[in-house]
Amino acid sequence: MSLAGKTALITGSTSGIGLGIAHGFAQAGINVVMNGFGDPQDIEQERAALEARGVRAIYDGTDMSQPDAIAGMMERVAAEFGRLDIVVNNAGIQHVSPVEEFPREKWDAIMAINLSSAFHTSRAAIPAMKAAGWGRIINIASAHGLVASPFKSAYVAAKHGMLGLTKTLALEVAQDNITCNAICPGYVYTPLVEKQIPDTAKARGLSEEQVINDVLLAAQWTKKFVTVEQLAGTALFLCSDHAENITGTSIAVDGGWTAA
Ligand code: NAD
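The residue count restarts for each chain, going from 1 along the sequence in the order it is written. Reporting in this predicted model follows two pLDDT cut-offs: at least 70 for local features of residues, and 80 or more for side-chain atom pairs to be given and counted; totals over whole chains, interfaces and linings ignore these cut-offs and use all residues. Values reported for side chains reflect all heavy atoms of the structure, with hydrogen atoms and water molecules removed beforehand.

## Re the site of the ligand
Quick reminder of the rule: Near residues are defined by distance, with any heavy atom within 4 Å of the molecule or strand qualifying the residue. Polar contact is defined as a pair of N or O atoms within 3.5 Å, subject to the rule that within protein one atom must be able to donate a hydrogen and the other to accept it, and that residues adjacent in sequence are counted only when both atoms are side-chain atoms. Accessible surface area values rest on a Shrake-Rupley calculation with a 1.4 Å probe, where residue burial reflects the displayed protein chains alone. Comment: elements are numbered from the N terminus, with helices defined as DSSP H or I runs of at least four residues and strands as E runs of at least two.
Near the ligand you find 30 residues, and of these Thr14, Ser15, Tyr155, Val188 and Thr190 are the closest. Residue Asn90 places a main-chain N or O atom 2.7 Å away from an oxygen atom belonging to the ligand. Relative to its free-state accessible area of 830 Å², the ligand is covered by the protein chains to the extent of 94%. Of all the secondary-structure elements, those providing two or more residues to the shell around the ligand are helix H1 (16–27), helix H5 (153–172) and helix H6 (191–204). Ranked by residues supplied to the shell around the ligand, first place goes to H6 with 3 residues.

Dropping the structure here:
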C-alpha cells in the first residue's frame, strides 16, 4: 500500500532527526504536521520546503511539555486533516550532569518532553487510528533506551521508559492494524549532540575533540555518525506493509554500539 496521502505528526521536527524524517515522509507523499521551536522565518522556510515536495505541511508550535496544549494540538490536526495516520514521537532535550548536581527542573522537563509527551500524543491519536483501521506510532528513543552512560540520568531513564511505553501500546492496539515501535539511534550529528559536547567535556575533563572521538564515537563501531536520512528510511520502513508484523520492538540504528 502506498503511503501517499497519509498524514503524519512529527514532534520536534523543526530541527535534526525530526526535520529529516519530515523530509523523508514528504518525499513519500505523506502530509506533515511540523512541531518544535525555532526562528519563525526558518520554520516557515522549512515548511515551504516540505510543501515543495508536493504534500501539505502545517506547523504547530505546541510546547510538548504541556499536556493540555498537546490535547489542543491533536484536536487542531484532526480538524485540519480529518485524519492522523502516523505519529512520530521525536521531541527531546538533553542535560548532562552528575546526578548529585542534576537540577530537579531539568529532570522534570526531560521526563515531560522525552517521555510523557509520547503518552499524550498516542492517547489522543489511537481512537482515530482504530476507527480508520490503520496506524503507526514510532517513538524515537535512543541507544540510551537500551544501555546507559554516566551523567545522563534523566535522559537514560526517559528513553528506557519510552521502550516500556512502546511495548505496552503495541499490545493494546495489536489487533487494530496499528503498530508501535521505537527506533534507537546512536549518535547523530544534530544540534542536540553539538550542544552537549562542551558540557560533556566539562563533566569529564576532556577537550571537545576528545569528546567526539573518545566518547561519542567510542562505542559506535562503524566510527560514523548516524544520518537523519538513515533514520527517515527506517521510519518509512516501519510504516510500510512489510513491517505490519513488527510491533512492540525497537530497532537500533547505532553503528553496533549496543551489540558490544
Ligand atoms: P534537536 O535538538 O536537533 O531537535 C529537537 C527537536 O525537539 C527540535 O525541533 C526542538 O525544537 C524540539 N523540542 C525541544 N523541546 C521541545 C518542546 N518542549 N516542545 C516541542 N518541541 C520541542 O535534536 P535531535 O538530535 O534531532 O533529537 C531528536 C530526538 O532524537 C530526541 O528525542 C533525541 O533524544 C533523539 N536522539 C538523538 C540522538 C542524536 O545523536 N542526535 C541520538 C539518539 C536519540
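## Some thoughts on the state of the cysteines
Definition in use: Throughout, a disulfide means two cysteine sulfur atoms within 2.5 Å of one another. A simple rule labels every residue: compare its accessible area, found with a 1.4 Å probe on the protein chains alone, to the largest value its type can have, and call it buried under 20%, exposed over 50%, or partly exposed in between.
A complete count under the given rule lists 0 disulfides for this structure. With no disulfide of its own, Cys239 lies 12 Å from the sulfur of Cys180, the closest cysteine sulfur. What makes Cys239 buried here is its relative accessible area of 0%.

## Points about the packing of aromatic side chains
Here is the rule: Side-chain rings of Phe, Tyr and Trp (the six-membered ring for Trp) are treated as a pair once their centres are within 6.5 Å; stacked means planes under 30 degrees apart, edge-to-face means over 60, and tilted covers the remaining angles. We count a charge as sitting over a ring when the NZ of a lysine or the CZ of an arginine lies within 6 Å of the ring centre and within 35 degrees of the ring normal.
Inspection of the entire model under this criterion finds 2 aromatic pairs. Relative to Trp257, the ring of Tyr187 has its centre 5.3 Å away and its plane inclined at 10°; by these criteria the two rings are stacked. Here Trp257 lies in the segment after strand E7 (250–253) and Tyr187 lies in the loop between strand E6 (178–185) and H6, a separation of 70 residues in the sequence. We classify Tyr187 as buried; its relative accessible area is 8%. Note on Trp257: relative accessible area 11%, which makes it buried. Seen from the ring of Trp134, Lys6 lies directly overhead, with NZ or CZ sitting 4.1 Å from the centre. The ring of Phe81 has Arg56 sitting right over it, with the charged end atom 4.6 Å from the ring centre.

## A short note on the nonpolar core
Applied cut-off: Only buried Ala, Val, Leu, Ile, Met, Phe, Trp, Tyr and Cys residues count toward a nonpolar core, and they belong to the same one when joined by side-chain atoms within 4.5 Å. Working rule for contacts: check all heavy atoms of both residues, and any pair within 4.5 Å makes them a contact.
Leu9, Met73, Met74 and Leu84 are the most contacted members of the largest nonpolar core, which has 35 residues in total. Of all the secondary structure elements, the ones that give two or more residues to this core are helix H3 (67–81), helix H4 (104–132), H5 and E6. No other element matches the 8 residues that H4 contributes to this core. Apart from residues no more than four positions distant in its own chain, Leu84 is found in contact with Thr7, Ala8, Leu9, Met74, Val77, Ala125 and Met129. In terms of nonpolar packing, the next biggest core, distinct from the first, is built from 32 residues, Ala57, Ile138, Ile140 and Cys239 among them.

## Some thoughts on the environment of Asp241
Within the secondary structure, Asp241 is located in the loop between helix H8 (228–239) and E7. For Asp241, a relative accessible area of 35% translates into the label partly exposed. For the pair formed by Asp241 and Ala182, sequence separation is 59 residues and the distance between their alpha carbons is 17 Å. A distance of 2.4 Å separates a polar atom in the side chain of Asp241 from the backbone nitrogen of Met1.

## Here we look at the pattern of salt bridges
How we decide: What counts as a salt bridge is simple: a side-chain nitrogen of Lys or Arg found within 4 Å of a carboxyl oxygen of Asp or Glu.
Taken as a whole and judged by the stated rule, the model has 5 salt bridges. Between Glu51 and Arg47 there is a salt bridge, and its shortest N-O distance comes to 3.2 Å. Highlighted residues: Glu51 and Arg47, both in helix H2 (residues 40–51), separated by 4 residues, approximately one helical turn. Judged by its relative accessible area of 31%, Glu51 falls in the partly exposed class. The salt bridge partner of Asp60 is Arg76, with a shortest N-O separation of 2.6 Å. With Asp60 in strand E3 (residues 57–60) and Arg76 in helix H3, this residue pair connects regions lying 16 residues apart in the sequence. Note on Asp60: relative accessible area 8%, which makes it buried. Judged by its relative accessible area of 43%, Arg76 is partly exposed. When salt bridges with common partners are traced through the structure, they connect Glu44, Arg47 and Glu51 into a single cluster.

Any link to function would need more than the numbers given here.
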